[in-house]
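# Observations on the model geometry
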Amino acid sequence: MEADKIKDSIKRAAQELFRKFGYHKTSVNEIAKKAKIAKATIYKYFDSKEAVLHVLLMDYIKASVDDLVQSNWNDIDEEVYLNNLIMKTCRLSYTVCNEFIGWDFIRESTNSQDFLKNLSNELEELLMASFIQLPGIRKHETYQQRLRFLIKCSKSIVFSFAFTSVSDSDVRKNFVSFQKEILPYLVKAAVSV
């Protein structure tokens, strides 16, 4: 197998196992077995199981961000667009946590919380870079700072209720509450110059 095929095989195997059993309950041995390679081969291409997860998540996020940012930009009001963008981003973050990592592990592990913080910072940078490139977007620094503030506040709020919610039902209720009671004010603050 050539290098790209081996890496893809590892990523496919890991993704399937992470989704089925969660990150915490999947071992490197199981990934190797599923990918039909030796365990040492995984470490030839990835430093750790966490590195495999990071690559998977970044691939998933990068594929989603451009679609999120570009969709319907020219067709709707700026506040509505930003509101929709933040909610879609929150859902993306939730999907990442729910499908790839598992909430129990996230809530119980300091390492996973640091990992998610770094991942959310990368998501923020991807969003800002993609958003700023849109035609018609205001380019001045104050506006970009307000957008960054909107993204930072939103992700802090979303992660705080994700970490403190007891059930998926609680998470959904908190998403609805955030969308209706908090997000409109954050968006209005970001767009009024």
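Reading the values: the criteria
- Residues numbered from 1 in each chain as written.
- Predicted model: local features only at pLDDT ≥ 70, side-chain atom pairs only at ≥ 80, totals over all residues.
- Heavy atoms only, no water.
- Helix = DSSP H or I, 4+ residues; strand = E, 2+ residues; numbered from the N terminus.
- Buried < 20%, exposed > 50% of the residue type's maximum accessible area, 1.4 Å probe, protein only.
- Contact = heavy atoms within 4.5 Å.
- Salt bridge = Lys/Arg side-chain N within 4 Å of Asp/Glu carboxyl O.
- UniProt positions renumbered as here; feature names shortened; annotations may be inferred.
- Core = buried A, V, L, I, M, F, W, Y, C linked by side-chain atoms within 4.5 Å.
- Arc of directions from axis to C-beta.
- Expected span 1.5 Å × (residues − 1).
- Axes fitted to C-alpha atoms, helices over the stretch in contact; angles between N-to-C directions.
- Parallel < 35°, antiparallel > 145°, perpendicular 65-115°, else oblique.
- Left-handed = near helix turned anticlockwise from the far one by under 90°.
- Nonpolar A, V, L, I, M, F, W, Y, C, P; charged D, E, K, R; others polar.

The protein chain has the name Regulatory protein, tetR family in an unreviewed UniProt entry, where Mucilaginibacter gossypii is given as its organism.

## Some details on the overall build of the protein chain
Each helix and strand in the protein chain was counted, giving nine helices and zero strands. When the helices and strands of the protein chain are listed from N to C terminus, the series reads α-α-α-α-α-α-α-α-α. Each of the 193 residues in the protein chain was classed as buried or not, and the buried ones make up 44%. Counted over contacts in the protein chain with a minimum sequence separation of 6, partners at least 24 positions apart contribute 70%.

## So, the environment of Lys36
Relative to the assigned elements, Lys36 resides in the loop between helix 2 (28-35) and helix 3 (39-45). Note on Lys36: relative accessible area 74%, which makes it exposed. Considering only alpha carbons, one finds Lys36 and Ile10, 26 residues apart in sequence, at a separation of 8.8 Å.

## Some words on the pattern of salt bridges
With the rule as written, the count across this model stands at seven salt bridges. Among the charged side chains, a network of salt bridges with common partners joins Glu124, Glu125, Arg148 and Lys152.

## Some details on the UniProt feature "DNA-binding region" (unreviewed entry) in the protein chain
When the UniProt feature table is mapped onto this chain numbering, "DNA-binding region" (unreviewed entry) sits at residues 27-46. Secondary structure content for residues 27-46 is 75% helix and 0% strand, and the end C-alpha separation is 14 Å.

## Points about the nonpolar core
Counting 55 residues, the largest nonpolar core has Leu82 and Phe178 as the members making the most contacts within it. Taken together, the elements giving at least two residues each to this core come down to helix 1 (3-21), helix 2, helix 4 (49-70), helix 5 (78-101), helix 7 (110-132), helix 8 (141-164) and helix 9 (168-191). Here the element with the most residues in this core is helix 5; it accounts for nine residues. Not counting residues within four places of it along the chain, the set of residues in contact with Phe178 comprises Ile86, Met87, Cys90, Ser154, Ile157, Val158, Phe161, Leu183, Pro184 and Leu186.

## Remarks on helix 2
Every buried residue of helix 2 is listed here: Val28, Ile31, Ala32 and Ala35. Down the axis of helix 2, the buried set is contained in an arc of 100°. They therefore lie on one face.

## Considering helix 1
The terminal C-alpha atoms of helix 1, which comprises 19 residues, lie 27 Å apart, in line with the 27 Å expected from a rise of 1.5 Å per residue. Of all the residues in helix 1, the buried ones are Ile6, Ser9, Ile10, Lys11, Ala13, Ala14, Leu17 and Phe18. Looking one or two residues beyond helix 1, the residue adopting positive phi is Gly22, at roughly 90°.

## Some thoughts on the packing of helix 1 against helix 2
What describes two packed helices is the angle between their axes and the distance between those same axes. Contact geometry of helix 1 with helix 2 gives a least axis separation of 8 Å together with a crossing angle of 120°. The orientation of helix 1 with respect to helix 2, classified from their angle, is oblique. The way helix 1 lies across helix 2 gives a crossing that is right-handed. Residue-level contacts link Ser9, Ile10, Ala13, Ala14, Glu16, Leu17 and Phe18 of helix 1 to Glu30, Ile31, Lys34 and Ala35 of helix 2. Classifying every residue of the contact of helix 1 with helix 2 by side-chain character gives seven nonpolar, one polar and three charged.

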